[in-house]
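# Tertiary structure, described
Given next are the chains, with one letter for each unit.
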Amino acid sequence: MARNDIEFLELSVAIAGVGGNPVPINIHWQMPEVAHVLADSRVRIMFAHTEFIPIAEAARKHAGVCPALVEVAMPKESLDEAGLDPALAQVSGLFPTLEQWIDEHPQPLGRREGAVADSMGLIYTSGTTGTPKGIAREHMTPQQLLSIAGATAQRAGLTPGGQMLVAGPLYHTSPNALAVMALRLGTNITIMPRWNSERFLAHIHEKAIQQAKVVPTMLSRLLSLPAAVRARYDISSLTHLIHSAAPCPPAIKRAAIDWFGDALLEFYGNSECGTITWITASDWLAHPGSVGLPADGSAVLIADAHGNPLTPGQIGRVYVRGADYWPRFTYLGLGAPASPIEGMIWVGDLGRIDDDGYLYLTGRSADVVIRGGVNIYPAEIEGTIAALDGVEDVAVLGIPDSAGDLGEVVAAFVLPRPDADLTAHSIRTALRGRLADYKVPSVVHIVDQLPRDDSGKIYKRRLRTAYATGSSAEE
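We now turn to the structure provided with this report. (Residues numbered from 1 in each chain as written. Predicted model: local features only at pLDDT ≥ 70, side-chain atom pairs only at ≥ 80, totals over all residues. Heavy atoms only, no water.)

## Notes on the overall build of the chain
Counting secondary structure elements, the chain contains 16 helices and 21 strands. Taken over C-alpha atoms, the radius of gyration comes to 23 Å for the chain, in line with the 23 Å a tight globule of 475 residues would show. With respect to the three principal axes, the spread of C-alpha positions in the chain is 70 × 50 × 50 Å. Split into buried and exposed, the 475 residues of the chain put 53% on the buried side. Summing over all exposed atoms, the chain offers an accessible surface of approximately 21300 Å²; the carbon and sulfur share of this is 52%. If the 38 positive side-chain charges of the chain are averaged to one point and the 51 negative ones to another, these points end up 3 Å apart. (Helix = DSSP H or I, 4+ residues; strand = E, 2+ residues; numbered from the N terminus. Rg over C-alpha atoms; globule rule 2.2 N^0.38 Å. Buried < 20%, exposed > 50% of the residue type's maximum accessible area, 1.4 Å probe, protein only. Areas by Shrake-Rupley, 256 points an atom, 1.4 Å probe, with all protein chains shown as cover. Lys, Arg positive; Asp, Glu negative; His and termini not counted. Charge placed at Lys NZ, Arg CZ, Asp CG, Glu CD.)

Now the structure itself:
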């Protein structure tokens with residue numbers, strides 16, 4: 001349980017090298033979520049930055065398990081760049097530090113043949129829609145491991161001696177996998193302890209960064225920088241700026257392509273099946289809003305709840321199958337996921353395909369707003385609001401229709417760009433004529449932040465709670 005730092009990668013590679021499974025823990029999880037992972041995965045040892053020692057110790061007690069706890073000191077440089085309390089550089093003294101723990105075990109465990117293939121065996125879902133689930137992958141063959149490494153390195157632009165910037169959280173699947181793979185390839189890695197838009201550009205400029213992984217929220221925040229600030233930095237070294245993890249509003253995507261050009265790439269996937277689709281900037285311009293075509297033998301099928309295929313243009317469940325080389329999996333303690341389509345699974349995403357086979361996401365099943373019996377897909381409304389001048393971020397969800405009999409009505413939570421003059425009235429007025437009347441949000445909140453995790457996923461249940469309690473929102 002650690003922020004982005006060298007020790008995160010050091011520990012990940014070391015654990016994998018001796019046959020263990022490194023299990024990243026989201027630093028934003030609360031004690032019950034951390035306790036669930038500790039008990040569910042039956043971890044033997046837990047490494048935590050000083051900042052997270054209190055929650056780690058409380059989670060151990062709550063879970064009724066007692067893995068060894070090792071404290072990882074936080075260097076002052078990382079604290080300064082992350083804007084954190086300098087006092088966190090002082091270790092608690094309650095547990096052995098990483099350096100002390102290593103000194104207490106002077107004999108190396110030794111490398112285990114095939115250990116790296118085993119090390120991808122367990123990772124947890126993000127938990128944005130419920131309790132995190134452990135994804136237990138089958139043992140991979142060396143051929144599978146090489147296929148995953150080769151395909152990912154080629155598509156992500158990773159090369160020996162290249163320059164990679166880790167901008168996303170290492171506890172999240174894709175930044176973690178890309179960083180570990182880059183390390184094994186001999187790529188030079190620059191780690192951002194915490195996201196900062198201008199610092200991101202400065203790293204690219206100063207170190208001629210070629211590859212970085214971001215999420216749509218980061219792209220939007222980069223676009224919020226004044227033009228004069230953006231102009232200070234040379235980003236021409238970038239060859240692969242990859243984004244994923246959440247739908248990207250078309251207006252944000254188009255503006256990012258205008259800036260970053262062909263370097264901007266996108267993929268869609270999940271922890272269960274890996275990367276499913278890829279799309280280049282030029283293909284996106286030809287198919288605006290798409291997340292691409294299946295790659296490397298992966299597959300996508302749009303079907304109803306019974307597994308009946310739908311025709312192009314119809315919205316339904318997005319059933320997926322991983323690439324030819326991707327290992328099979330079960331949910332830890334829960335078995336294999338049930339599916340009406342053999343060899344394919346559904347993890348909650350909804351979408352459609354066009355006549356050319358390109359996939360478009362319309363949202364998550366849990367987020368569909370049912371207004372008067374009509375299904376409304378938040379992604380369309382979020383994309384339309386994001387295209388309005390002055391909008392940095394937006395989340396749309398359904399709330400109870402307390403004043404009528406519609407069941408649910410649409411609510412929008414809007415984060416303005418700096419110095420933007422947005423009001424609920426101006427937003428609703430701008431949307432009329434761009435959206436059908438029943439899709440225009442009945443409620444608009446102007447907020448100063450949205451509850452997204454560092455991987456870009458929105459915690460909509462927190463927004464529902466905030467609305468229900470009247471907290472952290474201004475109408």
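Resuming the write-up.
## Observations concerning the pairing of strand S21 (residues 443-446)
Across the two faces of S21 the burial is the same, with Val443 and His445 and Val444 and Ile446 all buried. Pairing analysis gives four bridges linking strand S20 (residues 408-416) to S21, with the strands arranged parallel. Its bridge partner being in S21, Val414 is matched across the sheet by Ile446. (Pairing = 2+ DSSP bridges.)

## Points about the nonpolar core
Met1, Ile25, Val34, Met46 and Leu158 are the most contacted members of the largest nonpolar core, which totals 41 residues. Leaving out residues up to four positions away in the same chain, Met1 has contacts with Ile25, Asn26, Ile27, Trp29, Val34, Met46, Phe47, Ala48, His49, Phe52 and Ile55. (Core = buried A, V, L, I, M, F, W, Y, C linked by side-chain atoms within 4.5 Å. Contact = heavy atoms within 4.5 Å.)

## Points about the layout of surface pockets
Taken as a whole, the second largest pocket holds about 1200 Å³ of empty space. Around the second largest pocket, the lining comprises 41 residues; the ones closest to its centre are Leu11, Ile15, Asn21, Ile45 and Phe47. Mapped onto the lining of the second largest pocket, the elements with two or more residues apiece are helix H1 (6-17), helix H2 (31-41), strand S1 (45-49) and helix H5 (98-103). The element contributing the most residues to the lining of the second largest pocket is H1, with seven residues. (1 Å grid on protein atoms, 1.4 Å probe; cavity = no way out; pocket = protein on both sides within 12 Å on 5 of 7 lines; lining within 4 Å. Points joined across faces, edges and corners; volume = space filled by probe spheres on them.)

## Concerning the pairing of strand S8 (residues 240-243)
Here S8 shows two buried faces, one formed by His240 and Ile242 and the other by Leu241 and His243. The pairing of strand S7 (residues 211-214) with S8 spans four bridges and is parallel. By the bridge assignment for S8, Lys213 is matched with Ile242. Across three bridges, the pairing between S8 and strand S9 (residues 264-270) is parallel. Pairing of His243 across the sheet is with Glu266, part of S9. Read as a crossover between parallel neighbours, the route from S8 over helix H12 (residues 250-260) to S9 is right-handed. (Right-handed = clockwise from strand over helix to strand, strands pointing away.)

## Description of a negative patch on the surface
A grouping of Glu10, Glu99, Asp103 and Glu104 is seen on the molecular surface, where their side chains present a negatively charged patch. The residue Glu10 is located in helix H1 in this model. (Patch = residues over 30% accessible without salt bridge, like charges linked within 9 Å, V, L, I, M, F, W, Y side chains within 5 Å. Salt bridge = Lys/Arg side-chain N within 4 Å of Asp/Glu carboxyl O.)

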